[in-house]
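Here are the chains, one letter per residue:
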Amino acid sequence: MDFTNVNARGLVLLGCGKMGSAMLAGWLADGLSPSAVHVIDPAPSDWLQSQGVALNGPLPPSPAIAIIAVKPQMMGQALPQLQSLENTLLLSIAAGTSIAAFEQHFPGAAIVRAMPNTPAAIGQGISAMVGNAATTADDLDLAEGILRAVGEVVRLDAEDQIDAVTGLSGSGPAYVFHLIEAMAAAGVAQGLDPELALKLATHTVAGAGALAIASDEGPAQLRINVTSPNGTTQAGLEVLMPELPELIARTVAAATSRSKELKG
Ligand SMILES: NC(=O)C1=CN([C@@H]2O[C@H](COP(=O)(O)OP(=O)(O)OC[C@H]3O[C@@H](n4cnc5c(N)ncnc54)[C@H](OP(=O)(O)O)[C@@H]3O)[C@@H](O)[C@H]2O)C=CC1
Ligand SMILES: O=C(O)[C@@H]1CCC=N1
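The model shown is predicted, which means the values in this text are computed figures rather than measured ones.

> Can you help me understand the site of ligand 2 in this one?
Around ligand 2, a shell composed of Ala95, Thr166, Gly170 and Ser171 is seen. In terms of residue class, the shell around ligand 2 is built from one nonpolar, three polar and no charged.

This is the structure in structure tokens:
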């Protein structure tokens, strides 16, 4: 990302918790100048205080972009703090809160709604984004650049897809971490030391994910490649495959419908 314009005009971050700090770390590593950053957060972490960014001070009148990274439940309280901004692109990463809700607070503003995920902390997130009618091509490019600094980005055709994105990739890292926990516990049940089982499970998930990205073959073929006829994998998959798709479908459906409820 070329941060020249953002470094000149400024970047505001509203809420610097888990996602806000993960993304800020990525931007700073990618060339965002700390002196351009203005963070609003009621209880700045030690990490944030050591970054040389402006904390809870007056905002510049027209920063290039303001990223909204507070919980949807805090939105009503938090948004008035951005009321003074003019000609600033608003980029929300909050689950639930709709573009229409932001438009009520900021009539006429260019607003991009995005859904990233926590692997953004190591530059390996994936974000989906969609802009309102007021966004220009330059606005969308700026939002995409900001999100691309912390991972992959996809653009959505319509805002209503974002609930499913939230249920799949926004919440998805938690499902995968739980899979790692379950695989490690299963290894322990088969007699492995807990530390060894966790290492095997973690690297298996990470390696399989990296292979799925790097390979020209799709996940079904990659699964078949592991599965020797009448071998160990076949025995394992005969237990897993009848159960997993339905369980994952219900998991993603529950998260998607919670995202819809959060619209409030
Ligand atoms: N965590 C995740 O995996 C993902 C989260 N999101 C979205 O990102 C947003 C943030 O989530 P997450 O980082 O997990 O949550 P956190 O609670 O970790 O971060 C929110 C931050 O906002 C601060 N805050 C609370 N009230 C205000 C206020 N009035 N003004 C400014 N800052 C305030 C909080 O401070 P304090 O803690 O002191 O209240 C906290 O530091 C949410 O909308 C969530 O839906 C999107 C994708 C993935
Ligand atoms: O659990 C949540 O509501 C947020 C949104 C996606 C990931 N975490």
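> What exactly am I supposed to notice about helix H8 (residues 172-189) here?
With 18 residues, H8 should cover 26 Å at 1.5 Å per step; its first-to-last C-alpha distance of 26 Å lies within 8% of that length. Immediately beyond the C-terminal end of H8, within one or two residues, lies Gly191, with a positive phi of roughly 105°.

> Would you explain the site of ligand 1 in this entry?
Taken together, 27 residues sit near ligand 1, with Gly15, Gly17, Met19, Ala94 and Ala95 positioned nearest. Of all the secondary structure elements, the ones that give two or more residues to the shell around ligand 1 are helix H2 (18-29) and helix H4 (75-78). The element that contributes the greatest number of residues to the shell around ligand 1 is H2, accounting for three residues. When grouped by side-chain class, the residues that make up the shell around ligand 1 number 16 nonpolar, eight polar and three charged.

> Can you walk me through unusual backbone geometry in this structure?
Glycine aside, negative phi is the norm for most residues, and most peptide bonds take the trans geometry. With phi around 60°, Asn87 is a residue other than glycine that occupies positive phi space. Secondary-structure assignment places Asn87 in the loop between H4 and strand E5 (89-92). Look at Asn230: it is not a glycine, yet its phi comes out positive at around 60°. By secondary structure assignment, the location of Asn230 is in the loop between helix H10 (219-226) and helix H11 (232-240). For Asn230, a count of 7 C-beta atoms within 10 Å gives the class exposed.

> Explanation requested: the UniProt feature "binding site: NADPH" (unreviewed entry) in the chain in the structure shown.
When the UniProt feature table is mapped to this numbering, "binding site: NADPH" (unreviewed entry) covers Asn56. Mapped onto the secondary structure, Asn56 falls in the loop between strand E3 (54-55) and strand E4 (65-68).

> How should the nonpolar core be read in this particular structure?
Looking at soluble globular proteins, one finds that nonpolar side chains tend to be buried together. Ranked by internal contacts, the top residues of the largest apolar core, which has 55 residues, are Leu13, Leu14, Ile65, Ile68 and Leu91. Here this core takes five residues from H2, the largest share from any one element. When residues no more than four places from it in sequence are discounted, the contact partners of Leu91 are Ile65, Ile67, Ile68, Val112, Ala114, Ala143 and Ile146.

> I would appreciate a short explanation of the UniProt feature "domain: Pyrroline-5-carboxylate reductase catalytic N-terminal" (unreviewed entry) in the chain in the present structure.
Mapped onto the present numbering, the UniProt feature "domain: Pyrroline-5-carboxylate reductase catalytic N-terminal" (unreviewed entry) falls at residues 13-96. Structurally, residues 13-96 is divided into 24% helix and 19% strand, and its ends, taken at the C-alpha atoms, are 19 Å apart.

> Is there a simple way to explain the domain arrangement of the chain in this structure?
By a frequent convention, interface size equals the accessible area lost on bringing the separate parts together. Examined at the domain level, the chain breaks down into domain 1 (4-162) and domain 2 (172-261). Between the C-alpha centres of domain 1 and domain 2 the distance comes to 32 Å.

> Which parts of the structure should I look at to understand helix H6 (residues 137-148)?
Note on helix geometry: an α-helix contains 3.6 residues per turn, so any two residues three or four positions apart are oriented the same way. In a regular helix each residue adds 1.5 Å, so 12 residues correspond to 16 Å; H6 covers 16 Å between its end C-alpha atoms and thus fits that length. Among all positions in H6, only Asp139, Leu142, Ala143, Ile146 and Leu147 are buried. Angularly, the buried residues of H6 cover 130° about the axis, an arc narrow enough to put them on a single face. Opposite the buried face of H6, at more than 90 degrees from it, the exposed residues are Ala137, Asp138 and Asp141. At its buried positions, H6 is contacted by H2, E4, E5, strand E6 (111-115), strand E7 (125-131) and strand E8 (151-155).

So, how was this worked out
- Residue numbers run consecutively from 1 along every chain, following the written order of its sequence.
- To label them, take the chains in the order written and letter them from A, then take the ligands in the order written and number them from 1.
- Only residues with pLDDT of at least 70 are given local features in this predicted model, and only at 80 or more are side-chain atom pairs given and counted; all residues enter the totals for whole chains, interfaces and linings.
- Here, nearness is defined through the C-beta atom: a residue counts as near a molecule or strand if that backbone-placed atom lies within 6 Å of it.
- Residue type decides the class: Asp, Glu, Lys and Arg count as charged, Ala, Val, Leu, Ile, Met, Phe, Trp, Tyr, Cys and Pro as nonpolar, and the leftover types, Gly among them, as polar.
- For helices the rule is a DSSP run of H or I covering at least 4 residues; for strands it is a run of E covering at least 2, with both sets numbered from the N terminus onward.
- The length a helix should cover is 1.5 Å for every residue beyond the first.
- Partly exposed residues are those falling between the two cut-offs: more than 12 but fewer than 20 other C-beta atoms within 10 Å of their own, whereas 20 or more means buried and 12 or fewer means exposed, with C-beta atoms placed from the backbone.
- UniProt positions are given in the numbering used here, feature names are shortened, and annotations may be inferred rather than shown by experiment.
- Throughout this description, the term nonpolar core refers to a group of buried Ala, Val, Leu, Ile, Met, Phe, Trp, Tyr and Cys residues whose C-beta atoms join them within 7 Å.
- Note on contacts: each residue gets a C-beta atom placed from the backbone, and two residues are in contact if those atoms are within 7 Å.
- What marks off one domain from the next here is an automatic or database domain assignment.
- The arc in question is the one spanned by the directions pointing from the helix axis to the C-beta atoms.

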